[in-house]
Each structure stands twice: as structure tokens, then as C-alpha cells.
Amino acid sequence: MKEKYVCIHGHFYQPPRENPWLNKVEIQDSAYPYHDWNHRINAECYVRNTSSRIWDDEGKIKAIMNNYGWMSFNIGPTLLAWMENEAPGTYNAILEADKESQERFSGHGSAIAQAFNHLIMPLANERDQETQIIWGIEDFKSRFNRDPEGMWLGEQQ
């Protein structure tokens, strides 16, 4: 019988929410009880993926795993920058998961790069496309301390 494989890819992105005049995220009432939507989504999604529970048949936790180390994923540079400052525990767990995945997958990390902003690449001119790719690669290298092996390109055809 031939082995079959499934690859799960997570695309994680949040737009910048900073007020450009204050350079900070203001309170977003709709994200209550959190200060803003980045904090809420971090608590409900990103941080939970760093410590997912594996249950046994009796409903007891038998293991806790960091999902990021077992799936292909990209996280937008603007979201990673926010995490680095506002959710460093999540940020560090994601970087660590990529390191662990390199050990597990013969040197290949789970993280791939993303164009710097979440623009629709086919609508951008060639210079802007190149800039987005260069900035995305450089941001990835500065965070993950390695060259990316792939890149998520927004709405690329």
C-alpha cells in the first residue's frame, strides 16, 4: 500500500492597526474583553496553536504540542512585528517551533516567507512586486535566522 501524506498550511496575517498619527493601536470596543483585535486573535488563535492539547480516550491531556512545528505556515511581517512587541511569548514559541521543525524535517523549517504587505500582487507594478518580495525575504531572514525555502504571494496567479 502506498503511503499518503497531507500538508496543512496556515496563512496568518493581521493588518496593521496602529493609528498612523499616534503609532499605537487604540482601544477597539468590538474586541472586548481585549484591548484590540490583535490581542483578541492572539489569545483565541495564535497562542493556542503554540500549546495545543492532545487528549487520550479518557479525556485527559496526554501531550501538548506546538502546531507551528508540524505544519507549513507563513505569518505576515506586520503581524510578527506586532507579536514581537505585544505578545513575545507567542512570537518566541513560533520561532522555536520553526527551529524544532528543521530538526524533524531534515533541515527544512515549517515557516515560509510572505510578501511584506498583504497586497494583491498581480495588481502591483513590477517594481512594487520586487520590493514586496525583497522586504518579505529580508524580514524572514532577520526573524528566523535562515533563508526561506518558499514564499506566500498574496493572490498570485
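Everything quoted here is computed from the prediction, not taken from an experiment.

Cut-off values and rules
For every chain, the first residue of the written sequence is number 1, and numbering continues from 1 onward in sequence order. It should be noted that, the model being predicted, local features are given only for residues of pLDDT at least 70 and side-chain atom pairs only at 80 or more, the latter also being counted only at that level, while totals for whole chains, interfaces and linings use all residues. With hydrogens and water stripped out, all remaining heavy atoms of the structure feed into the side-chain values. Put simply, DSSP H or I for four residues or longer makes a helix, DSSP E for two residues or longer makes a strand, and each gets a number counted from the N terminus. To sort residues, take the accessible area from a 1.4 Å probe on protein chains only and compare it with the maximum for the residue type: under 20% means buried, over 50% means exposed, and anything in between is partly exposed. Every residue pair with non-hydrogen atoms within 4.5 Å of one another is taken to be in contact. Surface exposure here means Shrake-Rupley accessible area, sampled with a 1.4 Å probe, where a residue is shielded only by the protein chains that are shown. A residue counts as positive if it is Lys or Arg and as negative if it is Asp or Glu; His and the chain ends are not included. Note that the charge is assigned to NZ on lysines, CZ on arginines, CG on aspartates and CD on glutamates. Criterion for a salt bridge: a side-chain nitrogen of Lys or Arg within 4 Å of a carboxyl oxygen of Asp or Glu. Any N or O atom pair separated by 3.5 Å or less is treated as a polar contact, with the protein-specific requirement of one donor-capable and one acceptor-capable atom, and with residues adjacent in sequence counted only for side-chain atom pairs. Any two strands with at least two DSSP-identified bridges between them are counted as paired. Only Phe, Tyr and Trp rings are paired, with Trp represented by its six-membered ring, and only when their centres lie within 6.5 Å; those with planes under 30 degrees apart are stacked, over 60 edge-to-face, the remainder tilted.

**Some thoughts on the overall build of the protein**
Part 1 of the reasoning: Along the protein, the regular secondary structure elements total four helices and six strands.
Part 2 of the reasoning: A principal-axis box enclosing the C-alpha atoms of the protein has dimensions of 55 × 40 × 25 Å.
Part 3 of the reasoning: The buried share of the protein, reckoned over its 157 residues, is 37%.
Part 4 of the reasoning: Once local pairs closer than 6 in sequence are excluded, the contacts in the protein between residues at least 24 apart make up 59%.
Part 5 of the reasoning: A total accessible area of about 10200 Å² is found for the protein, and carbon and sulfur atoms account for 52% of it.
Part 6 of the reasoning: Here the protein contributes 15 positive and 23 negative side-chain charges, whose respective centroids are spaced 5 Å apart.

**What to know about the pattern of salt bridges**
Part 1 of the reasoning: Tallying each qualifying case throughout the model produces seven salt bridges.
Part 2 of the reasoning: Between R146 and D98 there is a salt bridge, with the nearest N and O atoms lying 2.8 Å from each other. Pair noted here: R146 is in the loop between α4 (126-144) and β6 (151-152) and D98 is in helix α3 (residues 88-104), with a separation of 48 residues, a long-range link. The exposure classification of R146 matches that of D98, with both residues buried.
Part 3 of the reasoning: Of the charged contacts in the structure, one is a salt bridge between D147 and K141, with a shortest N-O distance of 3.8 Å.
Part 4 of the reasoning: With a relative accessible area of 52%, D147 lands in the exposed category.
Part 5 of the reasoning: Salt bridges linked by common partners bring E84, D139 and R143 together as one network.

**Remarks on the side chain of T50**
Part 1 of the reasoning: Assignment of secondary structure puts T50 in the loop between α1 (37-46) and β2 (52-55).
Part 2 of the reasoning: Among the residues examined, T50 registers a relative accessible area of 14% and is labelled buried.
Part 3 of the reasoning: Polar side-chain contacts of T50 include one of 2.5 Å to the backbone oxygen of V47.
Part 4 of the reasoning: Once residues within four sequence positions are removed from consideration, T50 is found in contact with M65, N66, Y68, T90 and A93.

**What about the pairing of β2?**
Part 1 of the reasoning: Note: β2 against strand β3 (residues 61-65), four bridges, orientation antiparallel. By the bridge assignment, S52 is partnered in β3 with M65.
Part 2 of the reasoning: The turn linking β2 back onto β3 is made up of five residues, and G59 within it adopts a positive phi angle of 80°.

**Brief notes about the packing of aromatic side chains**
The relation between two aromatic rings is expressed through the spacing of the ring centres and the mutual angle of the planes.
Part 1 of the reasoning: Tallying each qualifying case throughout the model produces six aromatic pairs.
Part 2 of the reasoning: Relative to Y68, the ring of F12 lies with its centre 5.6 Å away and its plane at 70°, an arrangement referred to as edge-to-face. A residue pair is termed long-range when its members are at least 10 positions apart, and F12 in strand β1 (residues 9-12) and Y68 in the loop between β3 and β4 (72-75) qualify at 56 residues.
Part 3 of the reasoning: Residue classification places Y68 among the buried positions, given a relative accessible area of 0%.
Part 4 of the reasoning: Each ring, one from W70 and one from F105, has its centre 6.4 Å from the other, and the planes form 85°; the classification is edge-to-face. Of this pair, W70 sits in the loop between β3 and β4 while F105 sits in the loop between α3 and β5 (113-114), and the two are 35 residues apart along the sequence.
Part 5 of the reasoning: Residue classification places W70 among the partly exposed positions, given a relative accessible area of 48%.

These figures come from the coordinates and say nothing about function on their own.
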